[in-house]
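Each chain is listed here by its residues.
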Amino acid sequence: MQASVFSLALVLNFLLLEVSSVPFGSQVRAKLGNKIIHLELPYQNNVFKIQKDLASATGGFLYSDGFAIYSIDANFSSASNTKLLGRNNGPRSGYAPVGQPVSDDVPPVNDLYALAGFVQLDTDTIVIVSIYQHCILGLNRTTSEYHVIAGTCGSSGLVDGPPGTGRFSQPSDVAYNVADKNVIYVSDKSNNAVRKVTLDTGNVTTVVTEGIYQPTSISWSFDRSFLLVSNMHNVAKIIRDGDGNHSVQTLDIAVLSYGFGVVEIEPGLIAVADTAKQDIQLLDVDRGVSERARCSLVFPFSVLYNSGRLYMGESGAISSAPLIRN
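Now for a quick tour of the structure. This one's a predicted model, so the numbers in the text were calculated from it and none came from an experiment.

## Concerning the overall build of the protein chain
And step 1. Along the protein chain, the regular secondary structure elements total 1 helix and 26 strands.
And step 2. Of the accessible surface of the protein chain, which amounts to about 14600 Å², a share of 52% is contributed by carbon and sulfur atoms.

Dropping the structure here:
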């Protein structure tokens, strides 16, 4: 009897210690205010990614709707909406396919299914993933010419190597760090992997597979010290040590129904689109808590933080909401 009482006391003491380690009443350090809609898309196209346009002198944006990559001004005016690469989704007058392959081994523009993730290397060069062609493309904005950077268009697999040998399987997004100008990282969705591409050779290598499941989005942290990956049900950090080895740390403070776009707003504060829940999850890593933003979204796919607002790419719209400190 004494032993059982002693054991119960140990358990209760352990539970009290666990409870006391979590600040009482802790909450995410910020929330989102009321959203406004900036742009409505025809055919309810999904906005898979949105970024600031490096080539815009007036603070414009780039976005992808799965069928094409577009530029648009800071006011999201329809008159400024310009297709940079891609094909039609339906018979829209004035929306002819745009883009010229540089050689015969590059897919024609109408075969570039699911142009989703992209990243800008500079004001003239955009790297784009073609999900269902299983390859990584480079677009010259001046000439509208595009070429294969990595992978083998039309063939899927998990194979390291140069273009024509290397294989992806439904690559979904790409991240670039200006501090390392010869490297991009790719979330390789159906391979449950993160891949690394050396830009000058197009050689692809596998960085991590453990802890990665159906990754849909990849981005650099606020201080560019680690990568964030949106898995189907959680967010993971990819950390590189001094020897060049990568490890994965899963952030279990939020369980997602179907995670998509992810961004670190500031150190320790992360926003991730939960497409299935039609909401944004805010993760406060320092406090170990997460909350739903409750923004009344329609299947959000992408997020971008800029000038105090979180921009959100939804099904059929681009919207934004102010970040409000708690």
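## Some points on the pattern of salt bridges
And step 1. Following the criterion strictly, the structure yields 11 salt bridges and no others.
And step 2. Note that Arg195 and Asp160 form a salt bridge whose closest N and O atoms lie 3.0 Å from each other. Pair noted here: Arg195 is in strand β14 (residues 193-198) and Asp160 is in the loop between β11 (145-151) and β12 (171-176), with a separation of 35 residues, a long-range link.
And step 3. By relative accessible area, Arg195 is classed as buried at 0%.
And step 4. Each member of the salt-bridge network shares a partner with another, and the members are Arg29, Glu266, Asp284, Asp286, Arg287 and Arg325.

## As for the nonpolar core
One broad rule of soluble globular proteins: the nonpolar side chains tend to lie buried together.
And step 1. Counting residues in hydrophobic clusters, the biggest one holds 21 residues, and the most contacted among them are Leu32, Ile265, Ile280, Leu310 and Met312.
And step 2. Broken down by secondary-structure element, the contributors of at least two residues to this core are β1 (30-32), β20 (259-266), β21 (269-274), β22 (279-284), β25 (309-313) and β26 (317-325).
And step 3. Residues Leu85, Val106, Phe118 and Cys135 belong to the second largest nonpolar core, which totals 16 residues.

## Remarks on the sheet that holds strand β5 (residues 68-72)
Consider a sheet: its strands pair through backbone hydrogen bonds, and that pairing is either parallel or antiparallel.
And step 1. The antiparallel open sheet is built from 4 strands, whose spatial order is β3-β4-β5-β6. In the strand order of this sheet, the two ends are held by β3 (49-52) and β6 (82-86), each with one partner. Ignoring which end each strand starts from, the neighbouring axes of this sheet average 20 degrees apart.

## Looking at the state of the cysteines
And step 1. Applying the stated criterion across every chain yields a total of 1 disulfide.
And step 2. The partner cysteine of Cys135 in its disulfide is Cys153, sulfur to sulfur 2.1 Å. Its S-S torsion of approximately 90 degrees makes the covalent link between Cys135 and Cys153 right-handed. Taken together, the residues Cys135 in strand β10 (residues 135-140) and Cys153 in the loop between β11 and β12 connect sequence positions 18 residues apart.

## Considering the side chain of Asp173
And step 1. Within the fold, Asp173 resides in strand β12.
And step 2. Among the polar contacts made by the side chain of Asp173, one reaches the main-chain amide nitrogen of Ile218 at a distance of 3.1 Å.
And step 3. In contact with Asp173, other than residues within four places in its own chain, are Lys49, Gly117, Phe118, Val129, Tyr185, Val186, Ser187, Thr216, Ser217 and Ile218.

## Topic: the pairing of β20
Along a regular strand, successive side chains alternate from one face of the sheet to the other.
And step 1. Most of β20 is tucked away, with 8 of its 8 residues classed as buried.
And step 2. Turn length for the β20-β21 hairpin, with the two strands adjacent in sequence and antiparallel, is 2 residues, and the turn residue Gly268 shows positive phi of about 90 degrees.

## A closer look at the sheet that holds β20
And step 1. Taken in spatial order, the 4 strands of this open sheet run β20-β21-β22-β23, and their pairing is antiparallel. The open sheet has two free edges, formed respectively by β20 and β23 (289-292), since each of these has just one partner strand. The average undirected angle you get between the axes of adjacent strands in this sheet is 20 degrees.

## Some points on the side chain of Asn177
And step 1. Summarising the element assignment, Asn177 is placed in the loop between β12 and β13 (183-188).
And step 2. Taking the relative accessible area as the measure of exposure, Asn177 reaches 9% and is therefore buried.
And step 3. Discounting chain neighbours no more than four positions away, the residues touching Asn177 are Trp220 and Arg224.

## Considerations on the packing of aromatic side chains
For any pair of aromatic rings, the description rests on two quantities: the centre-to-centre distance and the angle between the ring planes.
And step 1. For the structure shown, the criterion picks out 9 aromatic pairs.
And step 2. Relative to Trp220, the ring of Tyr185 has its centre 5.9 Å away and its plane inclined at 80 degrees; by these criteria the two rings are edge-to-face. On the criterion of sequence distance, the pair formed by Tyr185 in strand β13 and Trp220 in strand β16 (residues 217-220) is long-range, its members being 35 residues apart. Summarising the burial analysis for this pair, Tyr185 and Trp220 share the class buried.
And step 3. Through a chain of ring-to-ring contacts, the aromatic side chains of Phe48, Tyr258, Phe260 and Phe301 assemble into a single cluster.
And step 4. Over the aromatic face of Phe118 sits the side chain of Lys49, whose NZ or CZ is 6.0 Å from the ring centroid.

## Here we look at the pairing of β23
And step 1. Taken together, the 4 bridges between β22 and β23 define a ladder with antiparallel strand orientation. Residue pairing across strands places Leu283 opposite Ser290, the latter belonging to β23.
And step 2. From the end of β22 to the start of β23, which pair antiparallel, there are 4 residues, and Gly288 there has a positive phi angle of about 70 degrees.

Reading the values: the criteria
Here the residue numbering is sequential within each chain, running from 1 through the sequence in written order. Only residues with pLDDT of at least 70 are given local features in this predicted model, and only at 80 or more are side-chain atom pairs given and counted; all residues enter the totals for whole chains, interfaces and linings. Heavy atoms from the whole structure form the basis of all side-chain values; hydrogens and water molecules are not counted. Here a helix means four or more residues in a row that DSSP labels H or I, a strand means two or more in a row labelled E, and each is numbered from the N terminus. For the accessible areas, the method is Shrake-Rupley and the probe is 1.4 Å, while residue cover comes only from the protein chains on display. Any carboxyl oxygen of Asp or Glu that lies within 4 Å of a side-chain nitrogen of Lys or Arg is treated as forming a salt bridge with it. The buried label applies to any residue whose accessible area, calculated with a 1.4 Å probe on protein chains only, is under 20% of its type's maximum; exposed applies above 50%, and partly exposed to all values in between. By convention a nonpolar core is built from buried Ala, Val, Leu, Ile, Met, Phe, Trp, Tyr and Cys residues, the set being connected through side-chain atoms within 4.5 Å. Here the rule is simple: two strands pair whenever DSSP picks up at least two bridges between them. Lines fitted to C-alpha atoms define the axes, with helix axes restricted to the stretch in contact, and inter-axis angles between N-to-C directions lie between 0 and 180 degrees. Pairs of cysteine sulfur atoms within 2.5 Å are what we label disulfides. Counting of polar contacts relies on pairs of N or O atoms within 3.5 Å, with two restrictions inside protein: one atom must be capable of donating a hydrogen and the other of accepting it, and residues adjacent in sequence are counted only when both atoms are side-chain atoms. Only heavy atoms matter for contacts: two residues are in contact if any of them lie within 4.5 Å across the pair. Here a Phe, Tyr or Trp ring, Trp counted by its six-membered ring, pairs with any other such ring whose centre lies within 6.5 Å, and the pair is stacked when the planes are under 30 degrees apart, edge-to-face when over 60, and tilted otherwise. Each ring is checked for a lysine NZ or an arginine CZ that lies within 6 Å of its centre and within 35 degrees of its normal; such an atom marks a charge sitting over the ring.

Function-wise, these values are silent; they only describe arrangement.
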